[in-house]
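# Results of the structural survey
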Amino acid sequence: MQIRIVIEQFNPADKTNISNKWRSLEHNSNTSVFLSWQWIGNWLDLVSDKLFLVEAYHDDKVVGLGFFVEKTRKVFGCIPVKQWWLHRTGVQQQDQIWIEYNDFLLDKSCSDAVREQMFKAVADFDSSVKEIIIGLSADDRLEQFSHSFAQLGFSSTNTVETNGYLATLSCSNEDYLKATLSKNTRAQISRSKKILQSQGQLTFEVFSDPEKLAELYPKIASIHIDKWQATNDGSGFSNPIFAGFHKAVALNNTDELVQISVLSSNEVELGYLVNFVYNNKVYFYLSALQQSPDNKVKIGLTLHSEAIQYYAEQGIQSYDFLGGDARYKQSLSNQKYGLAMKRYYRNELLLRLECHLKNVKMRLLQIFSRYSK
């Protein structure tokens, strides 16, 4: 298969032109919400560093697209190393929107062959680019990436590793609770619902109208900030880039991609789920839950179970909790998958030495931790 690859620095003034190409290819791809134009188009608006567009053509038809952001880091605090980041910027404040299932956007009829040629072209484009960072991506996809880069003489190391969880909803005519959940989880949800119903009218609603989303987001942000502001990463809603990105996505809610589930008791809102619904799949992005004084009331479990039942009845294929090993994700899912971010680097002495020293440091820390207990 003859593939032609074009790599050029991207001019933001060309956004309308690439929008048309991206949307056209999106219709012929089998991708996730994180490579939809609604996500990527808004992400482009927050990129401030040098940006490169990679295009793949077969018989003058676009069959692959992707963006790399160029950054420079310093090895040992003094030696500059040029990096390319796929659909990320390398800047924590900008990357807090947290892309998952990262990949090129590819025509589903020839995705594997095109992906391999695109990686080869990227590796050959500029030898001064020493590192290529890709993720978060599913483990099965990363195996393909690693195979391609190994053939090109690159080594790799994981920089982030986690698990993802999803509930498959193919048996939508069956009761989700009985088909998927353990007896203990079902009991917790049932008890929680009974307590909430005894306190008043319990309602579950799903909203996608942009005006309603704009009304709900400040409430979600307030709860989310209260819960997460004291943690290492903090709440994304404290970050104006994160908040602005999601406001932009919601205001242009094409095809009802953003859907917020709300659980209420006597018209008092108890909890919210922000979900993305795309290609017959639901991606759970974040929640904001009021705290109950009764530890038998599980607002999160109750709200998720209602949302999953709702989407199952609509014939949705899956409800994906995305990355993170939270207990509730494990309890509500029936599939587990791996996610990681990898740094692919040219097989050069400086980078090999750095990687070796980091591994030695990690082993020493593990030994120290074991003997200090």
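### With respect to the overall build of the protein chain
Regarding its fold elements, the protein chain presents twelve helices and 13 strands. Taken over the C-alpha trace, the protein chain has a radius of gyration of 22 Å; the compact-globule value for 373 residues is 21 Å, and the two agree within 12%. Taken over the C-alpha atoms alone, the protein chain extends approximately 65 × 60 × 40 Å along its principal axes. Buried residues in the protein chain amount to 49% of all 373 residues. Across the protein chain, contacts joining residues at least 24 apart in sequence account for 72% of those joining residues at least 6 apart. Roughly 18,400 Å² of accessible area belongs to the protein chain as shown, and the carbon and sulfur atoms make up 47% of that amount. Separation of charge centres in the protein chain, based on 41 positive and 41 negative side chains, amounts to 8 Å.

### A look at the nonpolar core
The biggest cluster of nonpolar side chains holds 53 residues, and the ones touching the most others in it are Trp 39, Ile 40, Trp 43, Phe 67, Ile 220 and Ile 260. One finds Phe 52, Val 54, Phe 104 and Ile 132 within the second-largest nonpolar core, a separate group that totals 27 residues.

### Looking at helix H4 (residues 111–125)
Residues spaced three or four apart along an α-helix point in a common direction, a consequence of the helix completing one turn every 3.6 residues. The terminal C-alpha atoms of H4, which comprises 15 residues, lie 21 Å apart, in line with the 21 Å expected from a rise of 1.5 Å per residue. Buried within H4 we find Ser 111, Val 114, Arg 115, Met 118, Phe 119, Ala 121, Val 122 and Ala 123.

### Looking at the environment of Val 33
By secondary structure assignment, the location of Val 33 is in the loop between helix H1 (15–27) and helix H2 (37–44). It is 37 Å that separates the C-alpha atoms of Val 33 and Gly 200, two residues lying 167 residues apart in sequence. Excluding anything up to four places from it in sequence, Val 33 contacts Trp 39, Leu 257, Phe 276, Tyr 278 and Tyr 283.

### Focus: the environment of Val 6
Note that Val 6 resides in strand S1 (residues 4–9). Along the primary structure Val 6 and Ile 18 are separated by twelve residues, whereas in three dimensions their C-alpha atoms are 13 Å apart.

### Considering the pairing of strand S9 (residues 258–265)
Counting buried positions over the eight residues of S9 gives eight, a clear majority of the element. Neither face of S9 is open: one carries Val 258, Ile 260, Val 262 and Ser 264, the other Gln 259, Ser 261, Leu 263 and Ser 265, and all of them are buried. Bridge count between strand S8 (residues 202–207) and S9: six bridges; the pairing is antiparallel. Residue Glu 205 lies in a different strand from S9, and its bridge partner there is Val 262. Pairing of S9 with strand S10 (residues 268–278) involves eight bridges; the strand directions are antiparallel. For Ser 261, the partnering residue across the bridge sits in S10 and is Leu 273.

### Focus on a negative patch on the surface
Taken together, the side chains of Asp 139, Asp 140, Glu 143 and Glu 161 define an acidic patch exposed on the protein surface. With three residues, helix H5 (residues 139–151) is the largest single contributor of residues to the negative patch. On the secondary structure map, Glu 161 appears in strand S7 (residues 154–168). Overall, the relative accessible area of 62% leaves Glu 161 in the exposed class.

### Remarks on the packing of H2 against helix H9 (residues 240–251)
Relative orientation of the contacting elements H2 and H9 amounts to 135°, with a least axis distance of 10 Å. In terms of their interaxial angle, H2 and H9 are classed as oblique. Where H2 crosses over H9, the handedness of that crossing is right-handed. On H9, the residues that touch Gln 38, Trp 39, Asn 42 and Trp 43 of H2 are Phe 245, His 246, Ala 248 and Val 249. Residues of the contact of H2 with H9, tallied by class, amount to five nonpolar, three polar and no charged.

### Focus: the side chain of Thr 31
As for its position among the elements, Thr 31 is in the loop between H1 and H2. Given a relative accessible area of 12%, Thr 31 falls into the buried group. Beyond its immediate chain neighbours, meaning those up to four positions away, Thr 31 contacts Leu 105, Tyr 278, Asn 279 and Tyr 283.

### Describing the packing of aromatic side chains
Throughout the structure, instances matching the rule amount to 32 aromatic pairs. When the ring of Phe 68 is compared with that of Phe 104, the centres are 6.0 Å apart and the planes differ by 70°; the resulting orientation is edge-to-face. On the criterion of sequence distance, the pair formed by Phe 68 in strand S3 (residues 61–75) and Phe 104 in the loop between helix H3 (92–95) and strand S5 (105–106) is long-range, its members being 36 residues apart. For Phe 68, a relative accessible area of 0% puts it in the buried group. Three or more aromatic residues joined by ring pairs make a cluster, and in this case those are Phe 34, Trp 39, Tyr 101, Tyr 217, Phe 237, Phe 242, Phe 245, Phe 276, Tyr 283, Tyr 285 and Tyr 337. The lysine or arginine in question, Arg 4, covers the ring of Tyr 57, its NZ or CZ lying 4.6 Å from the ring centre. Sitting over the face of the ring of Phe 207, Lys 212 holds its NZ or CZ atom 4.8 Å from the ring centroid.

### Considerations on unusual backbone geometry
Looking along the chain, the bond that leaves Gly 135 and enters Leu 136 is cis, with omega of -15°. By the secondary structure assignment, Leu 136 is in strand S6 (residues 129–138). Its identity is not glycine, yet Asp 59 carries a phi of approximately 55°, on the positive side. By the secondary structure assignment, Asp 59 is in the loop between strand S2 (51–58) and S3. With phi around 55°, Glu 256 is a residue other than glycine that occupies positive phi space.

The rules behind the values
- Residues numbered from 1 in each chain as written.
- Predicted model: local features only at pLDDT ≥ 70, side-chain atom pairs only at ≥ 80, totals over all residues.
- Heavy atoms only, no water.
- Helix = DSSP H or I, 4+ residues; strand = E, 2+ residues; numbered from the N terminus.
- Rg over C-alpha atoms; globule rule 2.2 N^0.38 Å.
- Buried < 20%, exposed > 50% of the residue type's maximum accessible area, 1.4 Å probe, protein only.
- Contact = heavy atoms within 4.5 Å.
- Areas by Shrake-Rupley, 256 points an atom, 1.4 Å probe, with all protein chains shown as cover.
- Lys, Arg positive; Asp, Glu negative; His and termini not counted.
- Charge placed at Lys NZ, Arg CZ, Asp CG, Glu CD.
- Core = buried A, V, L, I, M, F, W, Y, C linked by side-chain atoms within 4.5 Å.
- Expected span 1.5 Å × (residues − 1).
- Pairing = 2+ DSSP bridges.
- Patch = residues over 30% accessible without salt bridge, like charges linked within 9 Å, V, L, I, M, F, W, Y side chains within 5 Å.
- Salt bridge = Lys/Arg side-chain N within 4 Å of Asp/Glu carboxyl O.
- Axes fitted to C-alpha atoms, helices over the stretch in contact; angles between N-to-C directions.
- Parallel < 35°, antiparallel > 145°, perpendicular 65-115°, else oblique.
- Left-handed = near helix turned anticlockwise from the far one by under 90°.
- Nonpolar A, V, L, I, M, F, W, Y, C, P; charged D, E, K, R; others polar.
- Phe/Tyr/Trp six-rings, centres within 6.5 Å; stacked < 30°, edge-to-face > 60°.
- Lys NZ or Arg CZ within 6 Å of the ring centre and 35° of its normal.

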